[in-house]
Amino acid sequence: MAPAKKRNVSSESNGKKIKIDLEGIVERVLESRKHANDVFDILELLQSEKEKDVISAVNACCKLFCTLLEREELFIGKLPEEDDALKDEHSPEEKYKIFIRHRYNSCVEIMLEHLNHETHEIKESALCCLMKFAAAQGLHPLEDLDWSEHFSFPRELIQAVVHNLLSLSSDNSLLISRFQEFLEMEDVRYYVMSSIRDNVAMVMDKNKEAVLPVYQSNVFMLMSNISMPSQDSELTNFMVKQEAKHEDWKAAKLHDHKRAFERMWLGFLKFKLPSSMYKKVLVILHDSILPHMSKPILMIDFLTAAYDVGGAISLLALNGLFVLIHQHNLDYPDFYKKLYNLLEPSVFHVKYRARFFHLANLFLSSSHLPVYLVAAFAKRLARLALTAPPTALLIVLPFIYNLIRRHPSCRVLIHKPSSEDELLEDPYVMEEEDPALCHALESSLWEIKTLQKHYHPDVAKAAMLINTPLSEQEDDISEVLEITTFELMERDLKPSQSKSVPLEFETATHLLKGGGEVLGQHFCLV
């Protein structure tokens, strides 16, 4: 091994000078082993306080060690201690490789620390360098195994990268977004999902399952960036291509990807989340999580817990429950009772109002629902309509009409037979949570009659439809689900363009027609 040299690292302010020095050091080390100790200069600069110096050192380390890995100049197998390497039992060749392997390990440790650096550029450079190391290690493993029986992949390095990305104290969303391009590789995605599951279990158990907003936000950010393939034929992009038994590799099977994906999400969702995190998960659950799980029905515990929370979280849980009920034959007791109790005044003001009414329309579209249940929904919506804003009323009124069209037996709510003793009180019990006991069929939709006096002309016009026989064709509520108060006011304030009234078919050019040219000489239209 080359003798130790005096360190000559200077804090040059000239970035170009440093770049040239680093390139020279890398070239010397790669050209001759007698310059191996110059690696210390690069590692020392890698821990500099200057941003440009660190980035230059990262690039130099990346070039140096990737080349050494390709040349297989690093010790392979269980790495002995550096002091033990000086003993005579190792050949000079082995001593050199042990020395370089220790320097490589030191470089990786510093790079992992830089993933939590305060400067994003350094974080990004370190991340890209580590992933290049992972690719090189995959092609040239540092473990002494029979690769005809085992699969070559740098699992430990990927686990270390994931561990540092999932910081407990700093928001790494920007760095995780940069990491997304590596998740497009099938094997990286598979081992990242396994690493996330293990890391979440370890961190949450260590913190006694307490809510960790920053950490859980980083985990969710990383998991939501994972896009799963839908067919085995799509598994083509691998960072490490196995030479033997590639088809037996779990990372090359869609079924195993789905299992890893499922375990990752279930492992994350079994712990208590911040309230804002529930909303983020539920928004993407039905189209980004459930379709890629091998057993979506396992999400029932999380969805029922979210459905029982109330408010906007319950509304969002409807999407996932809808998928499980319609596509996976989930038998959910008292589902319509809970849906009925979600109809509160606040439902007209939440951000997810359009999604809620779209799903409620789907759940109530079956003609096999009992009459008392449909009548209860229609009556409760009508009662809530008395205090609802105009934008909500333009959704609620067609919604009620559609319920009556689907279930003609509910027309009794409109055409209540007159009796000698007129009702002085409404028998409907608004406070009753069970739709079977609220006496909706004994009441009428007098609220819609009241809305015919509404201050907004569009609402009054919509309420007037109840005076005429309802057509068989249902109203399309999708056009009004997303309407806002601003759009409604813009439409009302927009001046109506009055059509021009035709007064003359041909434009007049003369005062009087006929008379030759005499009249034209003395009279004209100005």
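Report on the accompanying structure. (Residues numbered from 1 in each chain as written. Predicted model: local features only at pLDDT ≥ 70, side-chain atom pairs only at ≥ 80, totals over all residues. Heavy atoms only, no water.)

Topic: the overall build of the protein
Inference 1: Of regular secondary structure, the protein possesses 21 helices and 0 strands.
Inference 2: Expressed as a percentage of the 526 residues in the protein, the buried residues total 46%.
Inference 3: Considering only intrachain contacts with a sequence separation of at least 6, the fraction spanning at least 24 residues in the protein is 73%. (Helix = DSSP H or I, 4+ residues; strand = E, 2+ residues; numbered from the N terminus. Buried < 20%, exposed > 50% of the residue type's maximum accessible area, 1.4 Å probe, protein only. Contact = heavy atoms within 4.5 Å.)

Observations regarding unusual backbone geometry
Inference 1: For K208, which is not glycine, the phi dihedral falls at a positive 55 degrees.
Inference 2: Looking at the secondary structure, you find K208 in the loop between α8 (186-206) and α9 (213-224).
Inference 3: A residue is classified by how much of its surface remains accessible, and K208, at 74% relative accessible area, is exposed.
Inference 4: At N329, a residue that is not glycine, the phi angle is positive and equals roughly 55 degrees.

What about the packing of helix α17 (residues 390-406) against helix α19 (residues 457-464)?
Inference 1: Interaxial distance between α17 and α19 falls to 9 Å at its minimum, and their mutual angle equals 10 degrees. By the angle between their axes, α17 is roughly parallel relative to α19. Between α17, through P390, L393, L394, L397 and Y401, and α19, the contact on the second element is made entirely by D458, V459, A462 and A463.
Inference 2: For the contact of α17 with α19, the per-class residue count stands at 8 nonpolar, no polar and 1 charged. (Axes fitted to C-alpha atoms, helices over the stretch in contact; angles between N-to-C directions. Parallel < 35°, antiparallel > 145°, perpendicular 65-115°, else oblique. Nonpolar A, V, L, I, M, F, W, Y, C, P; charged D, E, K, R; others polar.)

Some words on the pattern of salt bridges
Inference 1: One pass over the structure, following the stated rule, counts 16 salt bridges.
Inference 2: With a shortest N-O distance of 2.6 Å, E93 and R33 are connected by a salt bridge. Remark: R33 occurs in the loop between α1 (15-31) and α2 (39-46) and E93 occurs in helix α4 (residues 92-114); sequence separation between them is 60 residues.
Inference 3: On the accessibility criterion, E93 (34% relative accessible area) is partly exposed.
Inference 4: We classify R33 as partly exposed; its relative accessible area is 34%.
Inference 5: One network of salt bridges, with partners in common, ties together K379, R383, D426 and E447. (Salt bridge = Lys/Arg side-chain N within 4 Å of Asp/Glu carboxyl O.)

Thoughts on the environment of L43
Inference 1: Looking at the secondary structure, you find L43 in helix α2.
Inference 2: Using a relative accessible area of 6% as the deciding quantity, one classes L43 as buried.
Inference 3: In sequence terms L43 and V54 are 11 residues apart; their C-alpha atoms lie 9.5 Å from each other.

A few points about the packing of helix α15 (residues 353-363) against α17
Angle between the axes and distance between the axes are the two parameters that describe a pair of packed helices.
Inference 1: Across the interface, α15 lies against α17 with an axial gap of 11 Å and an inter-helix angle of 5 degrees. Considered as vectors, α15 and α17 are oriented roughly parallel to each other. In this structure, α15 contributes R353, F357, A360 and N361 to the contact, and α17 contributes T391, A392, I395, V396, F399 and R406.

Overview of the environment of D53
Inference 1: Along the chain, the position of D53 falls in helix α3 (residues 51-70).
Inference 2: We classify D53 as buried; its relative accessible area is 5%.

Section: the side chain of H407
Inference 1: Relative to the elements of secondary structure, H407 occurs in the loop between α17 and α18 (446-450).
Inference 2: Using a relative accessible area of 4% as the deciding quantity, one classes H407 as buried.

Digging into the state of the cysteines
Working definition: the covalent bond between the sulfur atoms of two cysteines is a disulfide.
Inference 1: Enumeration over the complete set of coordinates arrives at 0 disulfides.
Inference 2: For the unlinked cysteine C107, the closest cysteine sulfur is that of C61, found at 3.8 Å. (Disulfide = S-S within 2.5 Å.)

A look at the packing of aromatic side chains
For any two aromatic rings, the description comes down to two numbers: the centre-to-centre distance and the angle of the planes.
Inference 1: Here the structure, examined in full by the defined rule, presents 22 aromatic pairs.
Inference 2: Note on F153 and W249: the rings are 6.3 Å apart at their centroids and 50 degrees apart in plane angle, and the pair reads as tilted. Taken together, the positions of F153 in the loop between α5 (120-139) and α6 (155-165) and W249 in the loop between α9 and α10 (254-269) put the pair 96 residues apart, joining distant regions of the chain. For the pair F153 and W249, a shared accessibility class is recorded, and that class is buried.
Inference 3: Look at F356 and F357: their rings are 5.3 Å apart centre to centre, the planes differ by 75 degrees, and that puts the pair in the edge-to-face class.
Inference 4: On the basis of relative accessible area, F356 is assigned to the buried category, the value being 1%.
Inference 5: When its relative accessible area of 1% is taken as the criterion, F357 is described as buried.
Inference 6: Linked through ring pairs, F153, Y190, Y191, F238 and W249 together constitute an aromatic cluster.
Inference 7: Its end group placed over the ring of F99, R103 keeps NZ or CZ at 4.9 Å from the ring centre.
Inference 8: Positioned above the aromatic ring of Y340 is the side chain of R380, whose terminal nitrogen or guanidinium carbon lies 4.7 Å from the ring centre. (Phe/Tyr/Trp six-rings, centres within 6.5 Å; stacked < 30°, edge-to-face > 60°. Lys NZ or Arg CZ within 6 Å of the ring centre and 35° of its normal.)

Focus on the side chain of R405
Inference 1: Note on placement: R405 falls in helix α17.
Inference 2: Among the residues examined, R405 registers a relative accessible area of 13% and is labelled buried.
Inference 3: From its side chain, R405 meets the backbone oxygen of S471 in a polar contact 2.6 Å long.
Inference 4: Looking at R405, its side chain comes within polar contact range of the main-chain oxygen of Q473, at 3.2 Å.
Inference 5: Once you skip the residues sitting within four places of it in the chain, R405 turns out to touch L470, S471, E472, Q473, E474 and D475. (Polar contact = N/O pair within 3.5 Å; in protein donor to acceptor, adjacent residues only side chain to side chain.)

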